[in-house]
Amino acid sequence: MPKLKTNSSAKKRFALTGSGKIKRKHAFKSHILTKKTKKQKRNLTYFTTVDKVDEREVKELLRLR
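Definitions and cut-offs
- Residues numbered from 1 in each chain as written.
- Predicted model: local features only at pLDDT ≥ 70, side-chain atom pairs only at ≥ 80, totals over all residues.
- Heavy atoms only, no water.
- UniProt positions renumbered as here; feature names shortened; annotations may be inferred.
- Phe/Tyr/Trp six-rings, centres within 6.5 Å; stacked < 30°, edge-to-face > 60°.
- Lys NZ or Arg CZ within 6 Å of the ring centre and 35° of its normal.
- Pairing = 2+ DSSP bridges.
- Helix = DSSP H or I, 4+ residues; strand = E, 2+ residues; numbered from the N terminus.
- Buried < 20%, exposed > 50% of the residue type's maximum accessible area, 1.4 Å probe, protein only.
- Contact = heavy atoms within 4.5 Å.

- In the nomenclature of an unreviewed UniProt entry, the protein is known as Large ribosomal subunit protein bL35 of Porphyromonas catoniae ATCC 51270.
- According to the UniProt record, the Sequence similarities (unreviewed entry) comment for the protein is "Belongs to the bacterial ribosomal protein bL35 family."

Put into structure tokens, the structure is as follows:
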């Protein structure tokens, strides 16, 4: 049986933490930043974890299941 390829775009966007959760960046931080407040931009800087509902799909893309 052939090996399955990892999704390249998912590989660049997600990372696995030590506890097994999936880390991701926030959206809306790349352009049109003039209309966003400092607080909004600052809070979008930090990483967060993938929601429990989406975790299975992301793991499938990363071939972790």
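**Describing the packing of aromatic side chains**
Phase 1: One pass over the full model with this rule turns up 0 aromatic pairs.
Phase 2: Here Lys 23 stacks its cationic end above the ring of Phe 47, 4.9 Å away from the centre of that ring.

**Description of the sheet that holds strand S1 (residues 15-16)**
Phase 1: Ordered by their spatial adjacency, 3 strands build an open sheet running S1-S2-S3, and the pairing between neighbours is antiparallel. One side of each edge strand has no neighbouring strand; the edge strands of this open sheet are S1 and strand S3 (48-49).
Phase 2: When S1 meets strand S2 (residues 22-24), the two strands line up antiparallel, connected through 2 bridges. By the bridge assignment for S2, Ala 15 is matched with Lys 23.

**Some details on unusual backbone geometry**
Phase 1: In this structure, Phe 28 takes a positive phi of about 70° despite not being glycine.
Phase 2: With respect to the helices and strands, Phe 28 occurs in the loop between S2 and helix H2 (38-45).

**Points about the environment of Val 58**
Phase 1: Counting through the fold element by element, Val 58 comes out in helix H3 (residues 52-61).
Phase 2: For Val 58, a relative accessible area of 7% puts it in the buried group.
Phase 3: Spatially, the C-alpha atoms of Val 58 and Asn 43 are 23 Å apart, while their sequence positions differ by 15 residues.
Phase 4: When residues no more than four places from it in sequence are discounted, the contact partners of Val 58 are Phe 14, Ile 22 and Val 50.

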